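Residue-level structure breakdown
Letter by letter, the chains look like this.
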2 protein chains.
Amino acid sequence: MPDYDYIRDGNAIYERSFAIIRAEADLSGFSEEEADLAVRMVHACGSVEAARQFVFSPDFVSAARTALKNGAPIFCDAEMVAHGVTRARLPAGNDVICTLRDPRTPELAAGIGNTRSAAALKLWRERMAGSVVAIGNAPTALFYLLELLSDGAPKPAAILGMPVGFVGAAESKDALAENSYGVPFAIVRGRLGGSAMTAAALNALARPGL
Amino acid sequence: MPDYDYIRDGNAIYERSFAIIRAEADLSGFSEEEADLAVRMVHACGSVEAARQFVFSPDFVSAARTALKNGAPIFCDAEMVAHGVTRARLPAGNDVICTLRDPRTPELAAGIGNTRSAAALKLWRERMAGSVVAIGNAPTALFYLLELLSDGAPKPAAILGMPVGFVGAAESKDALAENSYGVPFAIVRGRLGGSAMTAAALNALARPGL
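Residues numbered from 1 in each chain as written. Chains lettered and ligands numbered in written order. Predicted model: local features only at pLDDT ≥ 70, side-chain atom pairs only at ≥ 80, totals over all residues. Heavy atoms only, no water.

1. Here's the deal with unusual backbone geometry
Positioned with a positive phi, tyrosine 181 of chain A is a non-glycine residue whose angle comes to about 55°. By relative accessible area, tyrosine 181 of chain A is classed as buried at 13%. (Buried < 20%, exposed > 50% of the residue type's maximum accessible area, 1.4 Å probe, protein only.)

2. So, the interface of chain B and chain A
Between chain B and chain A, the contact holds 45 residues from the first and 45 residues from the second. The three residues of chain B that bury the most area against chain A are Tyr4, Met80 and Phe166 of chain B, which together make up 20% of that side's buried surface. Here chain B and chain A share four salt bridges between them. In this structure, arginine 191 of chain B and glutamate 24 of chain A form a salt bridge, with 2.8 Å as the shortest nitrogen-oxygen distance. At the surface where chain B touches chain A, the tally comes to 13 residue pairs in polar contact (both at pLDDT 80 or more). Breaking the side of chain B that touches chain A down by element, the ones donating at least two residues are helix H1 (10-24), helix H2 (32-45), helix H4 (79-84), helix H7 (139-150) and helix H9 (195-206) of chain B. Here the residues of the side of chain B that touches chain A are counted per class, giving 24 nonpolar, 13 polar and eight charged. (Contact = heavy atoms within 4.5 Å. Buried area = accessible area lost by both parts, 1.4 Å probe. Salt bridge = Lys/Arg side-chain N within 4 Å of Asp/Glu carboxyl O. Polar contact = N/O pair within 3.5 Å; in protein donor to acceptor, adjacent residues only side chain to side chain. Helix = DSSP H or I, 4+ residues; strand = E, 2+ residues; numbered from the N terminus. Nonpolar A, V, L, I, M, F, W, Y, C, P; charged D, E, K, R; others polar.)

3. Focus: the sheet that holds strand S6 (residues 185-188) of chain A
Residues and elements named next belong to chain A. Strand order in the open sheet formed by six strands is S1-S6-S5-S4-S2-S3, with mixed pairing between adjacent strands. Each of the sheet's edge strands pairs with one partner strand only, and the pair in question is strand S1 (54-56) and strand S3 (96-98). For this sheet, the mean inter-axis angle between neighbouring strands, taken without regard to orientation, is 15°. Both strand S2 (residues 74-76) and strand S4 (residues 132-135) contribute to a ladder of three bridges, which runs parallel. Bridge pairing links phenylalanine 75 to valine 133 in S4. In the packing of helix H3 (residues 60-69) onto the sheet, the strands contacted are S1, S2, S4, strand S5 (158-161) and S6, and the crossing angle to S5 comes to about 115°. (Pairing = 2+ DSSP bridges. Axes fitted to C-alpha atoms, helices over the stretch in contact; angles between N-to-C directions.)

4. Things to note about the relation of the copies chain B and chain A
Here chain B sits on chain A after a turn of 180° about the axis and a move of 0.0 Å along it, with an RMSD of 0.0 Å. Put plainly, the chains are arranged around a two-fold axis. Within chain B, the C-alpha atom positioned nearest to the axis of rotation is that of methionine 80 of chain B, 2.6 Å from it. (Least-squares fit on C-alpha atoms with pLDDT ≥ 70 in both.)

5. As for the packing of aromatic side chains
The full count for this structure, using the stated rule, is 12 aromatic pairs over all chains. For the pair tyrosine 6 of chain A and phenylalanine 143 of chain B, a centre-to-centre distance of 4.3 Å together with 15° between the ring planes defines the contact as stacked. With tyrosine 6 of chain A in the segment before helix H1 (10-24) and phenylalanine 143 of chain B in helix H7, this residue pair bridges two chains. As far as burial versus exposure is concerned, tyrosine 6 of chain A and phenylalanine 143 of chain B are alike and both buried. With centroids separated by 5.9 Å and ring planes inclined at 50°, the aromatic side chains of phenylalanine 143 of chain A and tyrosine 4 of chain B adopt a geometry described as tilted. Of the two residues, phenylalanine 143 of chain A is situated in helix H8 (residues 139-150) and tyrosine 4 of chain B in the segment before H1; the pairing between them involves two chains. The same class applies to phenylalanine 143 of chain A and to tyrosine 4 of chain B, which are both buried. Pairwise contacts between aromatic rings join Tyr4 and Tyr6 of chain A together with Phe143 of chain B into one cluster. A cation over a ring is seen here: arginine 8 of chain B above tyrosine 6 of chain B, with NZ or CZ 3.8 Å from the ring centre. (Phe/Tyr/Trp six-rings, centres within 6.5 Å; stacked < 30°, edge-to-face > 60°. Lys NZ or Arg CZ within 6 Å of the ring centre and 35° of its normal.)

Below, the structure written as structure tokens:
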């Protein structure tokens, strides 16, 4: 019978993982708080090289943390992002909302000639002011968010712009960084991103430390 | 007002994405069916280089597809994996099961001196024979699966071994590839992997094509 030698303690695994990431990743461009986020995001994707693509606006971490402490809802473009948020870490029992599967979304998508991921944002409007918006999957959702903001929609407190992929992902994140309509933001430049990295960033914002 | 120029049609985005991946990724080591899986897995992580780390046992795709068609349940180690499976793609309304948050899991974890992710597998036993097992997050879950199989547990029809991370991930996947107890398997070598890639592989297995 093979002998499987591995660490079986969850906290010990986290601690060793984070130590490896801090030893290998170049975090020199980040503040201490940003580095905490970056470590968790690298942990979620398994690539220390990804940290080179992280960009945080100077006020992002404090704006997002303050909003969450004050009970801001978290709006997510994908169920996977929403389900990656550890509820026990949230500082104010914050609502985590994904409207992609709302029964109204398909008709809204047809109405605006865009994806369901984009159309789902129309259902955020009432509570979007001061919220934390996390786009971890669909570039169309991030582009549509920018269109809504351009049209004068209520401003979130912070935007995580981390869609993944080969068509529109890099472009949508560049567009957010170029003009975020005054909203603090975090992005992962290029093709990388995704629901796991986005949820990891939310979990780091929700509570510092392990 | 900025003019955001992007593709708003979901299927067109998929098709263009998959075309880019096929143009850039080295899929020459894969069968046609394996390449379909690989394309979706690359799509989920945004890195064509990741394809170099994919390993499929020769019988993996057919074994997993046959099991799913016959109604096999899908067992997942993480909620994010389970929530990434597109239910409409499943060929037989297959159950998608994650027992991580089962109220019995914490006590089981204490009992075996392992993580909750590992202990959650104890609740799979009754339906594990012929199932599709998808480990997309926790190396401890994959190691523990191997321990169960070594102890004579019922054999799944196929194993997706794709945990991500810096401690135990590479080792657990190497261990699966070295001795899978006769069960067909797919792995992502090294640190890469994760819930999105694992869910993408499941979605590709569930139904070929877009």
